[in-house]
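Architecture at a glance
Letter by letter, the chains look like this.
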Amino acid sequence: MSFPHPLMAPVVELALQAGEAILPFWRAGVEVTAKADDSPVTAADLAAHHVIVAGLTALDPSIPVLSEEDANIAQSVRAGWQRWWLVDPLDGTKEFISGSEEFTVNIALIENGRVVFGVVSMPTNGRYYVGGAGLGAWRCDQGGTPVAIQVRDVPGPGEAFTVVASRRHSSPEQERLLAGLSASLGELQLANIGSSLKFCLLAEGAADCYPRLAPTSQWDTAAAQGVLEGAGGEVLDLRGEAFCYPARESLLNEFFLALPAKAAWRQRLLELARG
């Protein structure tokens, strides 16, 4: 199919190529080293990083790249960028190391701090998601035709209100929010999944809400935010404002809430998140 943004199709192809670079390491097991913040990094992260950076530079050398594996770029430099790529070559490194399939390649195009579109691919099965606000969103399984996806405003008949949670990261604030949601909306079903796939579950209507009151980095969220926004969702900070990616000194995100844009319980979620 023909995607509505001219860079979508080549970036999808690039994400799939990066996944191919990752897979041999996943199948064979990896040697783990450590970054300065003690998070794990593998040869697979770096292999995917090199594929993506080379590919994006070939697509348009005027658009700079901020990748988790090359993030030591001064804020003074980034502040001058209007368009840039925000990349996580391997999101879910801990899942990858543990042998789980729940890791992804994330590539987002950012313009003036907002996501234009994002691509999230799963190397182990060839599935990918792509989308952007005002552009639409699609899921494609390996070798198939992309299928349009959309959030659900309410759970279907007989379905519980489903909250996506991180398998590895929570916080007291998040636990209080979940308790408040349960009191307001009834018993919750929790969907635990790794990496940026949490946003994608919302985007394809398989879950209702993803609150994140625990740390993330900009490259963890931008690509999947594009998918969710294209599917009729939104990502908000705790002030209720659209979540964006300014050139701050720190590349850590604020807390956020991901949900359908037309959710009737939007205000209640914000109240609970603010405590």
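In short, a report on the structure. This one's a predicted model, so the numbers in the text were calculated from it and none came from an experiment.

1. Describing the pairing of strand S6 (residues 114–122)
- Most of S6 is tucked away: eight of the nine residues are buried.
- Note: strand S5 (residues 104–111) against S6, seven bridges, orientation antiparallel. Residue pairing for S6: Glu111 is matched across the bridge by Arg114.
- Counted between consecutive antiparallel strands, the loop separating S5 from S6 contains two residues, among which Asn112 sits at a positive phi close to 50 degrees.
- The pairing of S6 with strand S7 (residues 127–132) spans five bridges and is classified as antiparallel. Its bridge partner being in S7, Val120 is matched across the sheet by Tyr129.
- Hairpin connection, S6 to S7: the antiparallel pair is bridged by four residues, and Gly126 has positive phi, about 75 degrees.

2. Observations concerning the nonpolar core
- The biggest cluster of nonpolar side chains holds 39 residues, and the ones touching the most others in it are Leu66, Leu86, Ile110, Phe199 and Leu228.
- Elements with a minimum of two residues in this core: strand S4 (83–91), S5, S6, helix H6 (197–203), helix H7 (218–230) and strand S14 (256–260).
- Those residues in contact with Leu86 that sit more than four places away from it in its chain are Leu66, Asn106, Ile107, Ala108, Ile110, Gln218, Trp219, Ala222 and Tyr245.
- Core analysis: the second largest hydrophobic core is formed by 30 residues, Met8, Leu14, Ala48 and Leu109 among them.

3. Points about the packing of aromatic side chains
- Inspection of every chain in the model, using the stated rule, returns 11 aromatic pairs.
- Where Trp81 meets Trp84, the ring centres are 6.2 Å apart and the plane angle is 50 degrees; that geometry is what we call tilted.
- Overall, the relative accessible area of 16% leaves Trp81 in the buried class.
- Ring centres of Tyr210 and Phe256 lie 5.4 Å apart, and the angle between their planes is 85 degrees; this geometry places the pair in the edge-to-face category. In this pair, Tyr210 sits in strand S12 (residues 210–212) while Phe256 sits in strand S14, placing the two residues 46 residues apart along the sequence.
- On the basis of relative accessible area, Tyr210 is assigned to the buried category, the value being 2%.
- The exposure class assigned to Phe256 is buried, which follows from its relative accessible area of 0%.
- Members of the aromatic cluster, joined through ring pairs, are Phe199, Tyr210, Phe243, Tyr245 and Phe256.

4. So, the sheet that holds S6
- What the seven strands build is an open sheet, ordered S3-S4-S5-S6-S7-S8-S9; its pairing is mixed. Across the chains shown, the open sheet's two edge strands, defined by having one partner strand only, are strand S3 (65–67) and strand S9 (147–148).

5. Topic: the packing of helix H1 (residues 8–28) against helix H2 (residues 43–59)
- The N-to-C vectors of H1 and H2 enclose an angle of 155 degrees; their axes lie 8 Å apart at closest approach. In terms of orientation, H1 and H2 fall into the roughly antiparallel class. Considering only the axes of H1 and H2, their crossing is right-handed. Facing H1, whose interface residues are Pro10, Val11, Leu14, Gln17, Ala18, Ala21, Ile22 and Phe25, H2 presents Ala43, Ala44, Ala47, Ala48, Val51, Ile52, Gly55, Leu56 and Leu59.
- For the contact of H1 with H2, the residue count by class is 15 nonpolar, two polar and no charged.

Calculation rules
- Residues numbered from 1 in each chain as written.
- Predicted model: local features only at pLDDT ≥ 70, side-chain atom pairs only at ≥ 80, totals over all residues.
- Heavy atoms only, no water.
- Buried < 20%, exposed > 50% of the residue type's maximum accessible area, 1.4 Å probe, protein only.
- Helix = DSSP H or I, 4+ residues; strand = E, 2+ residues; numbered from the N terminus.
- Pairing = 2+ DSSP bridges.
- Core = buried A, V, L, I, M, F, W, Y, C linked by side-chain atoms within 4.5 Å.
- Contact = heavy atoms within 4.5 Å.
- Phe/Tyr/Trp six-rings, centres within 6.5 Å; stacked < 30°, edge-to-face > 60°.
- Axes fitted to C-alpha atoms, helices over the stretch in contact; angles between N-to-C directions.
- Parallel < 35°, antiparallel > 145°, perpendicular 65-115°, else oblique.
- Left-handed = near helix turned anticlockwise from the far one by under 90°.
- Nonpolar A, V, L, I, M, F, W, Y, C, P; charged D, E, K, R; others polar.

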